[in-house]
2 protein chains.
Amino acid sequence: MNIGSYSYEEYIHLVKSFHGNLAPGLLVGGFIVDLALKRLPDGEFFDAICETPVCLPDAVQLLTPCTIGNGWLKVLDFGRFAVTLYEKKGGRGVRVYLDMEKIKAWPEVHQWYLKLKPKKDQDLQRLIDQVKEAGHRLLSIQSVLVEPEKLRREKLGPVTPCPVCGEAYPLGHGDRCRGCQGESPYLETVKLDDAPPGACAA
Amino acid sequence: MNIGSYSYEEYIHLVKSFHGNLAPGLLVGGFIVDLALKRLPDGEFFDAICETPVCLPDAVQLLTPCTIGNGWLKVLDFGRFAVTLYEKKGGRGVRVYLDMEKIKAWPEVHQWYLKLKPKKDQDLQRLIDQVKEAGHRLLSIQSVLVEPEKLRREKLGPVTPCPVCGEAYPLGHGDRCRGCQGESPYLETVKLDDAPPGACAA
């Protein structure tokens, strides 16, 4: 059994190294992305949509060329365990999702996903075994037409130093950067020395 | 010269494989994250803030344990080229940013970041050479105190099948999932067969 272009064991290793632990969601997510890749027409440039920020985006980033930083992965906060891969110009693609009817055949998966028993009573190994055994059988597929305009990342446009903090920001955000417009998460900032111990140039 | 726990060459290889190409932003980003890691007190659990969605989140994901899927990386749309690593309970951390005064000493970097000349007139190799030569000297550091409450990911809470599409969603989103509340990016969805060619279970 492969997941994307990896063997099952290679994928598990990658997940632990990238995501930090073998979360069941990454394992289900591996099968979701794998199935979407298998159903995608060959040889097209595609973008990805992930319908939850929890776990699943990392499966997309590990198994496809789409990442948060390169803009080919969009994360929607719908809380649905689903991934769509679509041809970025025309919008044609496939959507694979965790099917609530199908997971009933795998009790640990069903109870885990719908939170039917407290985390402390879950048997993680049995859950992982059931996901591995079920594989694609937990999933359903749709053919979709995406409205690419709705998901396109806005161009940054002109960039200029902020008159308050001095850092460059997109002029389109206003007369100062958003950090200086009161959205900053920092209660306190203090500039440190320029010759930090251990830091060096090339 | 190392970037995080990688040699310069290993990091370049990782960037190409994960991000798809050697974007100059990933190279600057490598130095930003490297410097933040060097200045972070040892042995603490930390979270990351990336102040732009463009390129930089991938440097964080490659060089730290923080990813989008595990929730330890928060991406803010401030358009500032800055990364903060902070201790997740107390909020103490370091913020490293691209310093608009310092980059003036590296003309290709200055012109690239502030978009002072059209992309077609940029010399990509010279830009990459200047970033490599400058390294940490493009950057400044702040000690910061983060308000962790402002960045904490909301708990999903109870999950239930949506009465419209049948997929599970967080009850806190309303009486149906956000996809069925009209936020869907899909113009069309058609369910496909359950026995896809090439798909298989474990």
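See the structure shown above.
Per chain, the residues get numbers from 1 upward, laid out in the order the sequence is written. Chain letters start at A and ligand numbers start at 1, both assigned in the order the entries are written. Residue-level local features of this predicted model are given only where pLDDT is at least 70; pairs of side-chain atoms are given and counted only at 80 or more, and the full residue set underlies all totals for whole chains, interfaces and linings.

**Q** Would you mind going over the sheet that holds strand S3 (residues 46–50) of chain B with me for this structure?
**A** Consider a sheet: its strands pair through backbone hydrogen bonds, and that pairing is either parallel or antiparallel. What makes two strands pair is DSSP finding at least two bridges between them. Helix and strand assignments follow DSSP, with helices taken as H or I runs no shorter than four residues and strands as E runs no shorter than two, numbered in order from the N terminus. The six strands are arranged S10(A)-S7(B)-S6(B)-S5(B)-S3(B)-S4(B) in an open sheet whose pairing can be described as mixed. Because the sheet does not close on itself, it has two edges, and the strands there are strand S10 (186–191) of chain A together with strand S4 (73–75) of chain B. Strand-to-strand twist of the sheet, defined as the mean angle between neighbouring strand axes without regard to direction, takes the value 25°. Across three bridges, the pairing between S3(B) and S4(B) is parallel. The residue of S4(B) that forms the bridge with B:Ala48 is B:Leu73. Contact between two residues is assigned whenever their backbone-derived C-beta positions fall within 7 Å. Interaxial angles span 0 to 180 degrees and are taken between N-to-C directions of axes, which are lines fitted to C-alpha atoms, for helices over the stretch in contact. In the packing of helix H2 (residues 24–39) of chain B onto the sheet, the strands contacted are strand S5 (82–87), strand S6 (92–98) and strand S7 (139–146) of chain B, and the crossing angle to S6(B) comes to about 155°.

**Q** It is not clear to me how the relation of the copies chain B and chain A should be interpreted in this structure. Could you clarify?
**A** One copy of the chain maps onto the other through a rotation about an axis plus a displacement along that axis. Copies are brought into register by a least-squares superposition over C-alpha atoms of residues with pLDDT of at least 70 in both. Rotating chain B by 180° about the axis while translating it 0.0 Å along that axis superimposes it on chain A, leaving an RMSD of 0.0 Å. Accordingly, the operation relating the two chain copies is best matched by a two-fold axis. Of the C-alpha atoms belonging to chain B, the one lying closest to the rotation axis is found on B:Ile68, 3.9 Å away. Taken as a fraction of all interface residues of chain B, those also at the interface in chain A reach 100%, which identifies the copy contact as same-surface.

**Q** Before we go on, may I ask you to explain the interface of chain B and chain A in this structure?
**A** In many analyses, interface size is given as the accessible surface area lost on bringing the parts together. At the junction of the two partners, chain B supplies 74 residues and chain A supplies 74 residues. Looking at the side of chain B that touches chain A, the element that brings in the most residues is S7(B), giving seven residues. The residue classification treats Ala, Val, Leu, Ile, Met, Phe, Trp, Tyr, Cys and Pro as nonpolar and Asp, Glu, Lys and Arg as charged. All others, Gly included, are polar. Tallied by class, residues from the side of chain B that touches chain A come to 42 nonpolar, 16 polar and 16 charged. Across five bridges, the pairing between strand S7 (residues 139–146) of chain A and strand S10 (residues 186–191) of chain B is antiparallel. Of the residues in S10(B), the one forming a bridge with A:Val144 is B:Thr189.

**Q** In this structure, what is going on with helix H1 (residues 8–19) of chain A? I would like to understand it.
**A** Since there are 3.6 residues in each turn of an α-helix, residues three or four apart along the chain are aligned in direction. All names here are of chain A. In a regular helix each residue adds 1.5 Å, so twelve residues correspond to 16 Å; H1 covers 16 Å between its end C-alpha atoms and thus fits that length. Within the sequence span of H1, burial applies to Tyr-11, Val-15 and His-19. Take H1 and look down its axis: the buried residues cluster within an arc of 40°, on one side only. Facing away from the buried side of H1 by over 90 degrees, the exposed positions are Glu-9 and Ser-17. Buried-residue contacts for H1 involve strand S1 (2–3), strand S2 (6–7), helix H2 (24–39) and helix H3 (56–63). At the exit of H1 stands Gly-20, carrying a positive phi of roughly 100°. One less than the residue count of a helix, multiplied by 1.5 Å, gives the span that helix is expected to have. Buried residues are those with 20 or more other C-beta atoms within 10 Å of their own C-beta, exposed residues have 12 or fewer, and partly exposed residues lie in between; C-beta atoms are placed from the backbone. This arc describes the spread of directions from the helix axis toward the C-beta atoms.

**Q** Sorry, what's going on with unusual backbone geometry here?
**A** Peptide bonds are, in most cases, trans, and in most cases residues other than glycine have a negative phi. Residues and elements named next belong to chain A. If you check the backbone angles, Lys-115 has positive phi at about 55° while not being a glycine. On the secondary structure map, Lys-115 appears in the loop between helix H4 (107–113) and helix H5 (124–134). What makes Lys-115 partly exposed here is the crowd of 15 C-beta atoms within 10 Å.

**Q** Teacher, can you tell me more about the nonpolar core here?
**A** One broad rule of soluble globular proteins: the nonpolar side chains tend to lie buried together. Put simply, a nonpolar core is a cluster of buried Ala, Val, Leu, Ile, Met, Phe, Trp, Tyr and Cys residues tied together by C-beta atoms within 7 Å. Formed by 112 residues in total, the largest nonpolar core has its most connected members in A:Val83 and B:Val83. Beyond its immediate chain neighbours, meaning those up to four positions away, B:Val83 contacts B:Ile32, B:Val33, B:Ala36, B:Ala48, B:Ile49, B:Cys50, B:Leu56, B:Val60 and B:Val96.

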